[in-house]
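Observations on chain architecture
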Amino acid sequence: MAWLIRKLRIPASESSMGIVLTLCIITMGLMSVALLWQAQIIANQREAIQWLETLKFGG
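Now for a look at the structure at hand. The model shown is predicted, which means the values in this text are computed figures rather than measured ones.

Counting its regular elements, the chain contains two helices and zero strands. Here the chain has a C-alpha radius of gyration of 23 Å; the compact-globule value for 59 residues is 10 Å, and the former is much larger. Its C-alpha atoms give the chain principal-axis dimensions of roughly 70 × 25 × 10 Å. Expressed as a percentage of the 59 residues in the chain, the buried residues total 0%. Of the roughly 5800 Å² of accessible surface on the chain, 72% is carried by carbon and sulfur atoms.

Within the fold, Trp3 resides in helix α1 (residues 2–9). The spatial distance from the C-alpha of Trp3 to the C-alpha of Leu55 is 62 Å, given a sequence separation of 52 residues.

With that settled, the discussion passes to a nonpolar patch on the surface. On the surface, a nonpolar cluster with roughly 610 Å² of combined accessible area is contributed by Met1, Trp3, Leu4, Ile5 and Leu8. The residue Leu8 is located in helix α1 in this model. When its relative accessible area of 64% is taken as the criterion, Leu8 is described as exposed.

Criteria and thresholds
Residues numbered from 1 in each chain as written. Predicted model: local features only at pLDDT ≥ 70, side-chain atom pairs only at ≥ 80, totals over all residues. Heavy atoms only, no water. Helix = DSSP H or I, 4+ residues; strand = E, 2+ residues; numbered from the N terminus. Rg over C-alpha atoms; globule rule 2.2 N^0.38 Å. Buried < 20%, exposed > 50% of the residue type's maximum accessible area, 1.4 Å probe, protein only. Areas by Shrake-Rupley, 256 points an atom, 1.4 Å probe, with all protein chains shown as cover. Patch = residues over 30% accessible without salt bridge, like charges linked within 9 Å, V, L, I, M, F, W, Y side chains within 5 Å. Salt bridge = Lys/Arg side-chain N within 4 Å of Asp/Glu carboxyl O.

Below you can see the structure in the form of structure tokens.
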């Protein structure tokens, strides 16, 4: 824990900040794609559930 506190007190260089910002942008982009993918799966499940309910209750 003391190592982390010492590391955080040192000012970050511009190159390391650029690398970290680039990684954050890439990570956020990947999470956005994953979120859209999950939304599509949820929509398909909703359609399947509605179809099964119509079969169960006879329309």
